[in-house]
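Structure assessment
Letter by letter, the chains look like this.
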Amino acid sequence: MNPNKNHLEAASWLFASIGFAFCILSFFDPAFDRLNAILIPDAAPADPTSRLYALVMGAVLAGFGTTLAILARTATVEPGNVDKAILAGFSTWFFLDTGGSLLHGSWQNAVFNSVALAIFLPGLMQRLRRQ
């Protein structure tokens, strides 16, 4: 096994884990307040908008990190592997972002995500069925 590939996969899962942490912390006042103070020292106190933004950013990081980790794990970059990695990353983003947005009271972002899913998913599923 290639040590560089293992390092890349581990770094990618770390990236995804940071995203998951942002999603989770967006729901817990004391932890989020500390995180907000560390990342943006001159920021105003955390509010619903900053919590939603932390969730959305975390979901994007988690989805992107998942995609990278799955690509790093594959021995070769074949179309099927790439499609599966994209589906895993997109799914991670969609479920974290949409579910968390609804829990934060942002149905508008959940609708936007659902439109993105409706546009993106059919083409990817068609590619996966061809394999």
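Focus: the pattern of salt bridges
With the rule as written, the count across this model stands at 3 salt bridges. Between E9 and R73 there is a salt bridge, with the nearest N and O atoms lying 2.9 Å from each other. Remark: R73 occurs in helix 3 (residues 48-73) and E9 occurs in helix 1 (residues 3-25); sequence separation between them is 64 residues. Look at R73 and you get partly exposed, because its relative accessible area is 48%. One salt bridge in this structure joins R51 and D33, with 3.6 Å as the shortest N-O distance. Of this pair, R51 sits in helix 3 while D33 sits in helix 2 (residues 29-39); the two residues are 18 residues apart in sequence, bridging distant segments of the chain. By relative accessible area, R51 is classed as buried at 12%. Residue class for D33 comes out partly exposed when judged on its relative accessible area of 37%. Linked by salt bridges that have partners in common, D29, D33 and R51 make up one network.

Conventions used here
Residues numbered from 1 in each chain as written. Predicted model: local features only at pLDDT ≥ 70, side-chain atom pairs only at ≥ 80, totals over all residues. Heavy atoms only, no water. Salt bridge = Lys/Arg side-chain N within 4 Å of Asp/Glu carboxyl O. Helix = DSSP H or I, 4+ residues; strand = E, 2+ residues; numbered from the N terminus. Buried < 20%, exposed > 50% of the residue type's maximum accessible area, 1.4 Å probe, protein only.

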